[in-house]
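Each chain, written out:
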Amino acid sequence: MAMFDMMPFARRGAVTNYNPFRDFENMERQFFGTNNLAEFKTDILDQGDHYELRADLPGFKKEDINLSLDDNTLTINAERHSEWEDKDKQGSFVRCERSYGSYSRSYDMTEVQTENIEAAYDNGVLTLKLPKKAESVPAARRIEIR
């Protein structure tokens, strides 16, 4: 059996499917680390007359969060700066693991009255009240036959 014919085995002796991309992803994670905030988590609730969007953005200052509306797309941008970049503090760090950078997500607002969106930020949670558009129900009418 040649070296190229060998199949990798799991610890229990079961044959696994070899995925060369998995090895590359693992190497990339080890080199660059993981960024768990790259896509912050959100919940969207239907509250009857409006939707409520809650986005977890812990550790951000209110002024570092930006909401923008372009056509029917709402985008939430948040940016966190690293204290490690501060020249006065660089020598003080023993370990620096907290994430920093720019984070962004976009949401479709076609069912929302965008002119009446309300936003609040408290305890690391951004809450948006998204009023629903009134449903346009076609009026029933009688058509006369000529």
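These numbers were taken from a predicted model, which means no experiment stands behind them.

1. As for the nonpolar core
It is characteristic of soluble globular proteins that their nonpolar side chains tend to be buried jointly. Ranked by internal contacts, the top residues of the largest apolar core, which has 16 residues, are Phe-40, Leu-53, Leu-57, Ile-65, Ile-76, Leu-126 and Leu-128. Those elements giving two or more residues to this core turn out to be strand 2 (50-56), strand 4 (73-80), strand 5 (101-108) and strand 7 (125-131). Excluding residues that lie within four positions of it along the chain, Ile-65 makes contacts with Leu-57, Phe-60, Ile-76, Asn-77, Ala-78, Tyr-121 and Leu-126.

2. Topic: the packing of aromatic side chains
Across all of its chains, the model carries 1 aromatic pair by this definition. With a centroid separation of 5.9 Å and an interplanar angle of 85°, the aromatic rings of Phe-60 and Tyr-103 are classed as edge-to-face. Pair noted here: Phe-60 is in the loop between strand 2 and strand 3 (65-70) and Tyr-103 is in strand 5, with a separation of 43 residues, a long-range link. What makes Phe-60 buried here is its relative accessible area of 7%. When the ring centre of Phe-60 is taken as reference, the NZ or CZ atom of Arg-80 above it lies at 4.3 Å.

3. Notes on the sheet that holds strand 4
Here we have 3 strands laid out as an open sheet, ordered 3-4-5, and antiparallel in their pairing. Two strands bound the open sheet, and with one partner strand each, they are strand 3 and strand 5. The average angle at which neighbouring strand axes cross in this sheet is 15°, direction not considered. Bridge analysis of strand 3 against strand 4 gives 6 bridges, and the strand direction is antiparallel. Bridge assignment links Leu-69 to a residue of strand 4, and that residue is Leu-74.

What counts and what doesn't
- Along each chain, residues carry numbers from 1 onward, in the same order as the chain's sequence is written.
- Only residues with pLDDT of at least 70 are given local features in this predicted model, and only at 80 or more are side-chain atom pairs given and counted; all residues enter the totals for whole chains, interfaces and linings.
- Hydrogens and water molecules were not included; the side-chain quantities draw on all heavy atoms of the structure.
- Side-chain atoms within 4.5 Å are what join buried Ala, Val, Leu, Ile, Met, Phe, Trp, Tyr and Cys residues into a set we call a nonpolar core.
- Relative accessibility thresholds used throughout: buried, under 20% of the residue-type maximum; exposed, over 50%; partly exposed, between the two (1.4 Å probe, protein chains only).
- Here a helix means four or more residues in a row that DSSP labels H or I, a strand means two or more in a row labelled E, and each is numbered from the N terminus.
- Any pair of residues with heavy atoms lying within 4.5 Å of one another is described as a contacting pair.
- Centre distance within 6.5 Å is the pairing criterion for rings of Phe, Tyr and Trp, where only the six-membered ring of Trp is used; planes under 30 degrees apart are then read as stacked, over 60 as edge-to-face, and the remainder as tilted.
- Here, a charge over a ring means that NZ of Lys or CZ of Arg falls within 6 Å of the ring centre while also lying within 35 degrees of the ring normal.
- At least two bridges found by DSSP between two strands is the condition for calling them paired.
- Here, axes are lines fitted to C-alpha atoms. For helices the fit covers the stretch in contact, and angles between N-to-C directions go from 0 to 180 degrees.

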